[in-house]
Amino acid sequence: MIIAIDGPAAAGKGTLAKRLAKHFNFSYLDTGALYRAVALTMLRAKHNPSDIALAAQVSAHLDLDILSDPDLRREETGQAASQVAAIPEVRANLLNFQRQFASRPPEDKAGAVLDGRDIGTVVCPTAAVKIFVTASAEERAKRRFHEQKERVGHADYDEILADVVSRDDRDMNRSDAPLKPAENAHLLDTTKLDIDAVFDVAVKLVQSAQ
Ligand code: C5P
């Protein structure tokens, strides 16, 4: 069984996807981390993240060790990730890995949960459950502000909001696999819901598909 969780930056996809994977004993893939890995490799090599030829090359020979690098979570890396993610060659190079992960979970796992932007529309269009998680840009910026303040001791709300809005804009308006709900996705607006309430709704959706 495959569960596809999509939505914009900081909507709560990752938290929800991890909890669902644990609850149902499914494997979990954060597909945004793959784009972040390409972006961080580009930044470290001082390449422009929008350089098509270099991004294509990096994504074709991605060293997965970088997935555990703490710099992966930086906002600068997220912004560069959305730049490399707009390049069709990069998306094509990462597609196979994601599909294989989804279709071949380890033997002790009953299925897979993937979160990202195009899981329900492109990576796993036949997923048994598709959830599109959203929240207002202000609420997402507020959550990121608190998370960053806790992690590094300081944060600038206006800067974070501007980053969220520009990343949404780039992700929704690219021509290849733009961020949008799949036709049969369940929309979950988390602006006024806490994670427990979101999780309860999602568990019911998965149970009714089992
Ligand atoms: O989810 P996260 O913020 O880590 O994703 C970083 C960037 O990677 C996103 O802004 C988006 O541009 C890109 N991405 C994507 N498709 C996915 C997952 C992430 O284009 N399935």
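All figures in this text were calculated on a predicted structure; none of them were measured in a lab.

What about the packing of aromatic side chains?
- A complete count under the given rule lists two aromatic pairs for this structure.
- Between Phe24 and Phe26 the ring centres are 5.9 Å apart and the planes differ by 45 degrees, which places this aromatic pair in the tilted class. The same class applies to Phe24 as to Phe26, namely buried.
- Residues Phe145 and Tyr157 carry aromatic rings whose centres are separated by 6.4 Å and whose planes lie at 80 degrees to one another, so their mutual orientation is edge-to-face.

Considering the UniProt feature "binding site: ATP" (unreviewed entry) in the protein chain
- Mapped onto this structure's residue numbering, the UniProt feature "binding site: ATP" (unreviewed entry) falls at Gly7, Pro8, Ala9, Ala10, Ala11, Gly12, Lys13, Gly14 and Thr15.
- Mapped onto the elements of the fold, Lys13 is located in helix 1 (residues 13-24).
- Discounting chain neighbours no more than four positions away, the residues touching Lys13 are Ile5, Asp6, Gly7, Pro8, Asp115, Gly116, Arg117 and Val133.

A few points about the side chain of Asp115
- When you line up the elements, Asp115 lands in strand 3 (residues 112-116).
- Lys13 is the oppositely charged side chain nearest to the buried, salt-bridge-free Asp115, at an N-O distance of 5.4 Å.
- Once residues within four sequence positions are removed from consideration, Asp115 is found in contact with Ile5, Lys13, Gly14, Ala17, Tyr28, Leu29, Asp30, Thr31 and Gly32.

Observations regarding the site of the ligand
- The local shell around the ligand holds 16 residues, among which Arg36, Arg91, Asp118, Arg167 and Asp171 are the closest.
- Between the ligand and Thr31 there is a distance of 3.0 Å, counted from a nitrogen atom to a side-chain nitrogen or oxygen.
- Between the ligand and the protein, one listed contact pairs an oxygen atom with a side-chain N or O atom of Arg174 at 2.9 Å.
- Here the ligand has 460 Å² of accessible area as a free molecule, and 97% of this is covered by the chains.
- Breaking the shell around the ligand down by element, the ones donating at least two residues are helix 2 (31-44), helix 4 (75-84) and helix 8 (157-173).
- If one sorts the elements of the shell around the ligand by residue count, helix 2 sits on top with four residues.
- Classifying every residue of the shell around the ligand by side-chain character gives three nonpolar, four polar and nine charged.

Quick word on the environment of Val201
- Locating Val201 in the fold gives a position in helix 9 (residues 195-209).
- With 17 residues separating them in the primary sequence, Val201 and Asn184 have C-alpha atoms 16 Å apart.

Re the side chain of Arg140
- Position of Arg140 relative to the elements: it lies in helix 7 (residues 137-152).
- Its relative accessible area of 3% is what places Arg140 among the buried residues.
- In contact with Arg140, not counting residues within four places along its chain, are Pro8, Ala9, Ala10, Ala11, Ala135, Val164 and Asp168.

Regarding the sheet that holds strand 4 (residues 129-134)
- If you trace the five strands from one edge of the open sheet to the other, you get 2-3-1-4-5, paired in parallel fashion. The open sheet has two free edges, formed respectively by strand 2 (27-30) and strand 5 (186-189), since each of these has just one partner strand. On average, each strand axis in the sheet is tilted by 20 degrees relative to the strand beside it, whichever way the strands run.
- In this structure, strand 2 lies alongside strand 3, joined through four bridges in parallel fashion. By the bridge assignment for strand 3, Ser27 is matched with Ala112.
- On top of the sheet, helix 9 reaches strand 1 (2-6), strand 4 and strand 5; it is set at about 165 degrees to strand 4, its chief contact.

Cut-offs used in this document
- Residues numbered from 1 in each chain as written.
- Predicted model: local features only at pLDDT ≥ 70, side-chain atom pairs only at ≥ 80, totals over all residues.
- Heavy atoms only, no water.
- Phe/Tyr/Trp six-rings, centres within 6.5 Å; stacked < 30°, edge-to-face > 60°.
- Buried < 20%, exposed > 50% of the residue type's maximum accessible area, 1.4 Å probe, protein only.
- UniProt positions renumbered as here; feature names shortened; annotations may be inferred.
- Helix = DSSP H or I, 4+ residues; strand = E, 2+ residues; numbered from the N terminus.
- Contact = heavy atoms within 4.5 Å.
- Lys, Arg positive; Asp, Glu negative; His and termini not counted.
- Salt bridge = Lys/Arg side-chain N within 4 Å of Asp/Glu carboxyl O.
- Near = heavy atom within 4 Å.
- Polar contact = N/O pair within 3.5 Å; in protein donor to acceptor, adjacent residues only side chain to side chain.
- Areas by Shrake-Rupley, 256 points an atom, 1.4 Å probe, with all protein chains shown as cover.
- Nonpolar A, V, L, I, M, F, W, Y, C, P; charged D, E, K, R; others polar.
- Pairing = 2+ DSSP bridges.
- Axes fitted to C-alpha atoms, helices over the stretch in contact; angles between N-to-C directions.

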